[in-house]
Structure formats: structure tokens, C-alpha cells
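# Structural description and commentary
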Amino acid sequence: QVQLVESGGGLVQPGGSLRLSCAASGILFSMYDMAWYRQVPGKEREWVATIMRGGSTNYADSVKGRFTISKDYAKKTVSLQMNSLKPEDTAVYYCNVMPSVPRYWGQGTQVIVSS
């Protein structure tokens, strides 16, 4: 059974940083492109960043230059380093494979950027 567990969210001031982590189990981690997504209440979930199986990365324009996605094969984790956070980054953040599989969604981790 696939399980993706996100952690690392919290409350941070504008301009601050957070590092999110996603622990994966039940999947052949090296066989999938992995991604981070986020969702604000009342809006559709949106894609944030992807790390391909080969290690290349892609980012949404809204986070490019501020966020960095990485993957640790030994620990089977995907991380999202978020710098220069803005209030509009406030959301629940999720990880999933790319393209996403509905039954793989976890609980997410809440990020609040506010002074």
C-alpha cells in the first residue's frame, strides 16, 4: 500500500524559510517522477514542483528561484526547501507522483506565511 506522509509545515513570517519533507513507502521510489502540490481552501490543488527520475527539476513560475525540490533515494524522501516565503504561499502542501494518482494523496502539511 502506497503511503506518502508530509511534514515540516508551520507558521513563518514573510521572507522566512521552511523545509517540507515527504516520506514515501509502498512504491518503487526510483521509478517515479515526484512532485509537490499545494491547495488553498476553495481553490483547486495546483502543481508546485517536480523532480524527475533522472534528477532534473521543474517549477511553477510562482515559486521559481525561491523553492528547491530534492530527493533522497536512501531515505525515500522528497523535500521542498522554501525560501523568501510570501503570504500567497500559504496553503496545504502535498506530495504525490507526477502525474498525480488520486489514491496516493496524504494529509498534507499546512504552511502559513503571515506576520
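These numbers come from a predicted model, not from an experiment. (Residues numbered from 1 in each chain as written. Predicted model: local features only at pLDDT ≥ 70, side-chain atom pairs only at ≥ 80, totals over all residues. Heavy atoms only, no water.)

### Focus: the overall build of the protein
Summing up its helical and strand segments, the protein has 0 helices and 10 strands in all. Sequence-ordered secondary structure for the protein, helices as α and strands as β, is β-β-β-β-β-β-β-β-β-β. Over its C-alpha trace the protein gives a radius of gyration of 13 Å, about what one expects of a compact globule, namely 13 Å for 115 residues. By its C-alpha atoms, the protein is 40 × 25 × 20 Å across when sized along the principal axes. Per-residue burial for the protein yields a buried fraction of 42% across its 115 residues. Contacts in the protein between residues at least 24 apart in sequence constitute 53% of all its contacts with a sequence separation of at least 6. (Helix = DSSP H or I, 4+ residues; strand = E, 2+ residues; numbered from the N terminus. Rg over C-alpha atoms; globule rule 2.2 N^0.38 Å. Buried < 20%, exposed > 50% of the residue type's maximum accessible area, 1.4 Å probe, protein only. Contact = heavy atoms within 4.5 Å.)

### A few points about the pattern of salt bridges
Applying the stated rule across the entire model yields 5 salt bridges. The salt bridge partner of Glu-46 is Arg-38, with a shortest N-O separation of 2.6 Å. Arg-38 gets classed as buried once you look at its relative accessible area, which sits at 6%. The partner of Arg-38 in a salt bridge is Asp-89, and the shortest N-O contact between them spans 3.0 Å. (Salt bridge = Lys/Arg side-chain N within 4 Å of Asp/Glu carboxyl O.)

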